[in-house]
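# Understanding the architecture of this molecule
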Amino acid sequence: RYVVDDFVSKEDVDILLGMMKRGMASSSQDGGPTIMDVNSGFLKDSEGLITIYKPHRGLNRVNFTAKEYEIYGNLFEKIRNKIMELNKLDYLYFTAPTFVARLIGALTCI
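Residues numbered from 1 in each chain as written. Predicted model: local features only at pLDDT ≥ 70, side-chain atom pairs only at ≥ 80, totals over all residues. Heavy atoms only, no water.

## Here we look at the overall build of the protein
Stated precisely, the cut-off is as follows: Put simply, DSSP H or I for four residues or longer makes a helix, DSSP E for two residues or longer makes a strand, and each gets a number counted from the N terminus. Only protein chains enter the accessibility calculation, which uses a 1.4 Å probe; a residue whose area is less than 20% of its type maximum is buried, one above 50% is exposed, and one in between is partly exposed.
The helix and strand inventory of the protein stands at 2 helices and 4 strands. Along the protein, helices (α) and strands (β) appear in the sequence α-β-β-β-α-β when read from the amino end. Overall size of the protein, expressed as C-alpha extent along the three principal axes, is 45 × 35 × 25 Å. Every one of the 110 residues in the protein was classed for burial, and the buried ones make up 31%.

Written out as structure tokens, the structure is:
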């Protein structure tokens, strides 16, 4: 494990959190995990599997801006480069999908 202070700017964190909140806006609030893949748009929660890039559950499709995608992609590249630097690697490939998860505690999850 490696900790880097100020690895991501506050502005970028705010933008990334905004993306995740919009992407998960229609997910179940009943408790348990919600898993979202920004690349494919798949979102899995206690109510099933949907794609955030199509209208669903009474909401419009989620649209991320080019700037948001750029910040998201740049963060993965920054993480990749840091791992390569720390481990003295010449190359490193991330597999897909890349998930973002949220967990809401509830008695129904026990």
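## Section: the packing of aromatic side chains
Just so we agree on the cut-off: The aromatic pairing rule takes the rings of Phe, Tyr and Trp, using the six-membered ring of Trp, and pairs them if the centres are within 6.5 Å, calling planes under 30 degrees apart stacked, those over 60 edge-to-face and the rest tilted.
Tallied over the entire structure, the rule returns 5 aromatic pairs. Between Phe76 and Phe94 the ring centres are 6.2 Å apart and the planes differ by 80 degrees, which places this aromatic pair in the edge-to-face class. Of this pair, Phe76 sits in helix H2 (residues 66–86) while Phe94 sits in the loop between H2 and strand E4 (99–104), and the two are 18 residues apart along the sequence. Phe76 gets classed as partly exposed once you look at its relative accessible area, which sits at 27%. Accessibility expressed as a relative area gives 37% for Phe94, which makes it partly exposed. Taking 5.9 Å as the distance between ring centres and 40 degrees as the angle between the ring planes, the aromatic pair formed by Tyr91 and Tyr93 counts as tilted. When sorted by exposure, Tyr91 lands in the same class as Tyr93, which is exposed.

## Here we look at the environment of Ala96
Inspection of the secondary structure puts Ala96 in the loop between H2 and E4. Judged by relative accessible area, Ala96 falls into the exposed class, the value being 69%. Taking the C-alpha atoms as reference points, Ala96 and Asp37, separated by 59 residues in sequence, lie 9.0 Å from one another.

## Considerations on a nonpolar patch on the surface
The following threshold applies: What makes a patch is a set of residues exposed beyond 30% relative accessible area and free of salt bridges, joined within 9 Å when like-charged and within 5 Å when nonpolar (Val, Leu, Ile, Met, Phe, Trp, Tyr). Accessibility throughout is a Shrake-Rupley quantity obtained with a 1.4 Å probe, and a residue counts as covered only by protein chains that appear here. Take a side-chain nitrogen of Lys or Arg and a carboxyl oxygen of Asp or Glu: if they are within 4 Å of each other, that pair is a salt bridge.
A contiguous nonpolar patch, built from Tyr2, Val4 and Leu86 and spanning about 260 Å² of accessible area, is present on the exposed surface. For Tyr2, the location among the structural elements is in the segment before helix H1 (10–23). Judged by its relative accessible area of 53%, Tyr2 is exposed.

## Description of the nonpolar core
Note the cut-off: By nonpolar core is meant a set of buried Ala, Val, Leu, Ile, Met, Phe, Trp, Tyr and Cys residues that side-chain atoms within 4.5 Å join together. Whether two residues are in contact is decided by their heavy atoms: any pair within 4.5 Å suffices.
Grouped together as the largest cluster of nonpolar side chains are 17 residues, with contacts concentrated most on Met19, Met36, Val38, Ile52 and Phe64. The element contributing the most residues to this core is H1, with 4 residues. Residues contacting Met36, with those up to four places away along its chain left out, are Met19, Met20, Gly23, Met24, Phe42, Leu43, Ile52, Thr98, Phe99 and Val100.

Any link to function would need more than the numbers given here.
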